[in-house]
Amino acid sequence: MDMILDGILKALCLLVTLDAEVRDITLLSLAVSSSATLVSLVVGVTVATAVALTEFPGKRLLISLINTGMGLPPVVVGLFVSIMLWRNGPFGFLGILYTPLAMVIAQALIATPIVTGVSLAALQHLPKDLRLQILALGATRRQMVWILMKEARLPLLAAAMAGFGGVISEVGASIMVGGNIKGYTRVLTTATVMETGRGNFEVAIALSVILLLVAFAVNACLTWIQQRRRPR
Amino acid sequence: MGTRRGAVLIITIIIAAAGAAFYLHRPAPRDLILATTTSLQDSGLLDVLVPLFEAKTGRRLKTVAVGSGQALALGKRGEADVLLVHSPEAEEAFMSQGHGSERLPVMTNDFLVVGPPSDPAGVGGSPSAAAAFQRIARARALFVSRGDASGTHARERTLWAAAGINPEGERWYQQTGLGMGQTLGVASEKGGYTLTDRGTFLTLGKNLGLKILGEGDHLLVNTYSVIIVNPEKSRNIDTQGARAFAAFLTEAETQGIIGRFGVERYGAPLFSPCGAYGTPQR
């Protein structure tokens, strides 16, 4: 118990003194996971809209695949992306293994099925007649999609939160494709694993507390946007 | 209607994502990749040496801390330029198969047989490390193995072979597949014996309920060597950088720093340097 208290005190201490290394690690965590979430939002919402609004053979199978992808294990993604990005691998010429960009790619792969799955459920949950009604009122197809998205914005923001939560807390892929390199690809989760291995449990707990605070702050912002104007 | 606003929003998001990606991908001159072991990262020695090397040469050195087995595998595939490992038998095989172009001893420390202070198997005072392992096996006392093809795991297997025992599949022999620090934690919690390098044990000692029960055997000497990966393995290998790092590790000044590392924190150095281009101590 003392250790947990010491850890929380240490976290406060690191936050108040604005420890340069911890600040950089926190900012990198935020930058990597936010970029990955943005990428997954653009891809995921587009795919979800396309799938929700069209009928085609194999649609159920595709939806099952997307839903399975929501539980994609980060280590599997990490291993796959590492092999792809190895110097002698198919994308080795890019030279981006062990960079933050590689971490963004891996995290985007983890977040995209989550965002797609939640968005798809949200868009499919809208009343079927709504679409017909909007079209009957003379809206173009693009306007209809926009109105549907506005209608589903609460669950869509929930998709963003789920995606972000999935990647900011993930360690398997980040450590494999990022390498936990000091001052370059070390993020909160990989630093926590390393400090635990070093037996610096207070520091590890402090980093965990900071990670929770960051996740809370981002989700609080998104929730605020989500709840700002309640739908009638 | 909101269509235009929506388009603006989406474009803003795309630009922001592209901007963030661009910001995150500061293209650096070809970075040197060092594959090394977790024990060196956990001891904190790399945090001292890497910035020194970077300041001296102006090169960025990316350190990937994995087990010695994985480090050698990365070298074999040409995915790393230089290795700093401690698994002599595997290193010799690596060199004889032509995967490395040069191998130099950098420093040594030693392995320790550690276990619960109550020592149920009576390991303390064994004449040799192999005898200590025999006593553990005879008492069927819990032994926690790394089981991860690391340098420490390789040495542990050598010791079992020297003891004439095959522990695989025995109920008292458990493999964690984790790093040294976590394996020590498991051994401490379960009251088991394990083999550890002295550096990690000293670093974590304060939190562990484990005691040193065997040390000083010639089979417990732990040599770290730097290996320059054979440039013929892949055209991507930066031999010049690898050579610079090997030279940096073995030059007198760095050897002095290695020899002093840990004195402030633990009262004794964690590693003993092999000397500038010294001979292997085995």
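This one's a predicted model, so the numbers in the text were calculated from it and none came from an experiment.

Quick notes on the rules
Residues numbered from 1 in each chain as written. Chains lettered and ligands numbered in written order. Predicted model: local features only at pLDDT ≥ 70, side-chain atom pairs only at ≥ 80, totals over all residues. Helix = DSSP H or I, 4+ residues; strand = E, 2+ residues; numbered from the N terminus. Contact = placed C-beta atoms within 7 Å. Core = buried A, V, L, I, M, F, W, Y, C linked by C-beta atoms within 7 Å. Buried ≥ 20, exposed ≤ 12 C-beta atoms within 10 Å, placed from the backbone. Domains from an automatic or database assignment. Axes fitted to C-alpha atoms, helices over the stretch in contact; angles between N-to-C directions. Left-handed = near helix turned anticlockwise from the far one by under 90°. Nonpolar A, V, L, I, M, F, W, Y, C, P; charged D, E, K, R; others polar. Pairing = 2+ DSSP bridges. Expected span 1.5 Å × (residues − 1). Arc of directions from axis to C-beta. Parallel < 35°, antiparallel > 145°, perpendicular 65-115°, else oblique. pLDDT = per-residue confidence, 0-100.

Let's talk about the overall build of chain A
Right, on to step 1. Along the backbone of chain A there are 11 helices and 0 strands.
Right, on to step 2. Principal-axis analysis of the C-alpha atoms places the extent of chain A at approximately 65 × 45 × 25 Å.

Focus: the overall build of chain B
Right, on to step 1. Each helix and strand counted, chain B has 12 helices and 10 strands in total.
Right, on to step 2. Sequence-distant contacts in chain B: of pairs separated by 6 or more residues, those separated by 24 or more amount to 74%.

A few points about the interface of chain B and chain A
Interface extent is often summarised as the accessible area lost during association of the parts.
Right, on to step 1. In this assembly, 31 residues from chain B lie in contact with 27 residues from chain A.
Right, on to step 2. Taken together, the elements giving at least two residues each to the side of chain B that touches chain A come down to helix H1 (3-24), helix H2 (38-43), strand E2 (61-66), helix H8 (180-190) and helix H9 (198-204) of chain B.
Right, on to step 3. The leading source of residues in the side of chain B that touches chain A is H1(B), at 9 residues.

Some details on the nonpolar core
Right, on to step 1. The biggest cluster of nonpolar side chains holds 98 residues, and the ones touching the most others in it are Ala102(A), Ala106(A), Leu34(B), Val82(B) and Leu83(B).
Right, on to step 2. Each residue touching Val82(B), except ones within four places of it in the same chain, is listed here: Leu32(B), Leu34(B), Val226(B), Ile227(B), Ile228(B), Val229(B), Ala242(B), Phe245(B) and Ala246(B).

Side note on the domain arrangement of chain B
All names here are of chain B.
Right, on to step 1. Taken domain by domain, chain B comprises domain 1 (32-109 + 223-273) and domain 2 (110-220).
Right, on to step 2. Computed from C-alpha coordinates alone, the two centres of domain 1 and domain 2 are separated by 25 Å.
Right, on to step 3. Contacts between domain 1 and domain 2 engage 17 residues on the former and 15 residues on the latter.
Right, on to step 4. Broken down by secondary-structure element, the contributors of at least two residues to the side of domain 1 that touches domain 2 are H2, helix H4 (68-76) and helix H5 (88-96).
Right, on to step 5. The element that contributes the greatest number of residues to the side of domain 1 that touches domain 2 is H2, accounting for 4 residues.

Describing the packing of helix H1 (residues 2-16) of chain A against helix H11 (residues 201-228) of chain A
All names here are of chain A.
Right, on to step 1. Between H1 and H11, whose axes approach to 7 Å, the crossing angle comes to 60°. Helix-helix and strand crossings are classified by hand; for H1 and H11 the assignment is right-handed. Along its contact with H1, which presents Met3, Ile4, Asp6, Gly7, Ile8, Lys10, Ala11, Leu14 and Leu15, the element H11 presents Phe201, Glu202, Val203, Ile205, Ala206, Val209 and Ile210.
Right, on to step 2. Along the lines of polarity and charge, the residues of the contact of H1 with H11 split into 12 nonpolar, 1 polar and 3 charged.

Things to note about unusual backbone geometry
Right, on to step 1. With a phi close to 45°, Asp119(B) is a non-glycine residue in the positive phi region.
Right, on to step 2. Relative to the elements of secondary structure, Asp119(B) occurs in the loop between strand E4 (100-115) and helix H6 (129-139).

Topic: the pairing of E2(B)
Residue and element names in this part refer to chain B.
Right, on to step 1. Of all 6 residues in E2, 6 are buried, a share of seventy percent or more.
Right, on to step 2. Of the pairings in the sheet, the one linking strand E1 (residues 32-37) to E2 comprises 6 bridges and is parallel in character. For Thr37, the partnering residue across the bridge sits in E2 and is Val66.

Description of the environment of Leu85(A)
Right, on to step 1. For Leu85(A), the location among the structural elements is in helix H4 (residues 74-85).
Right, on to step 2. Sequence spacing of Leu85(A) and Gly166(A) is 81 residues, and the spatial spacing of their C-alpha atoms is 22 Å.

Description of the environment of Tyr98(A)
Right, on to step 1. By the secondary structure assignment, Tyr98(A) is in the loop between H4 and helix H5 (100-125).
Right, on to step 2. Judged by C-beta crowding, with 23 C-beta atoms within 10 Å, Tyr98(A) ranks as buried.
Right, on to step 3. The spatial distance from the C-alpha of Tyr98(A) to the C-alpha of Thr140(A) is 46 Å, given a sequence separation of 42 residues.
Right, on to step 4. If we ignore the near neighbours within four places in the chain, the residues touching Tyr98(A) are Gly178(A), Gly179(A), Ile181(A), Thr185(A), Ile33(B), Lys62(B) and Val64(B).

Concerning helix H10 (residues 239-250) of chain B
Residues and elements named next belong to chain B.
Right, on to step 1. In this model, H10 (12 residues) spans 16 Å end to end at C-alpha, consistent with the 16 Å of a helix rising 1.5 Å per residue.
Right, on to step 2. All of the buried residues along H10 are Gly241, Ala242, Phe245, Ala246, Leu249 and Thr250. Looking straight down H10, one finds that the buried residues subtend no more than 165° of arc, so they occupy a single side.

Looking at the packing of H6(B) against helix H7 (residues 151-163) of chain B
Residues and elements named next belong to chain B.
Right, on to step 1. At a minimum axis separation of 8 Å, H6 and H7 run at an interaxial angle of 80°. Considering the angle they form, H6 stands roughly perpendicular to H7. Seen from H6, the contacting residues are Ala129, Ala130, Phe133, Gln134 and Ala137; seen from H7, they are Leu159, Trp160, Ala162 and Ala163.
Right, on to step 2. Residue composition of the contact of H6 with H7, by class: 8 nonpolar, 1 polar and no charged.

With respect to the environment of Ala35(B)
Right, on to step 1. Mapped onto the elements of the fold, Ala35(B) is located in strand E1.
Right, on to step 2. When the C-alpha atoms of Ala35(B) and Leu249(B) are compared, they prove to be 14 Å apart, with 214 residues separating the residues in sequence.

Considerations on the pairing of E4(B)
All names here are of chain B.
Right, on to step 1. Of the pairings in the sheet, the one linking E4 to strand E9 (residues 221-229) comprises 9 bridges and is antiparallel in character. Considered in E9, the bridge of Met107 is made with Tyr224.
Right, on to step 2. With 4 bridges connecting them, E4 and strand E7 (residues 194-197) associate as antiparallel partners. Each residue of the ladder has a partner; that of Val114, found in E7, is Thr194.
Right, on to step 3. Here 3 bridges tie E4 to strand E8 (residues 211-214), and the two strands are oriented antiparallel to one another. Each bridged residue has a counterpart across the sheet, and for Gly115 the counterpart in E8 is Lys211.

Section: the confidence of the model for chain B
Residue and element names in this part refer to chain B.
Right, on to step 1. The pLDDT averaged across chain B works out to 87; a share of 88% of its residues lies at or above 70.
Right, on to step 2. Across residues 278-282 the pLDDT falls below 50, and counting only partners more than four positions away or on other chains, this stretch makes 10 contacts in the model.
Right, on to step 3. Scored as a complex, the prediction yields pTM 0.83 and ipTM 0.76.

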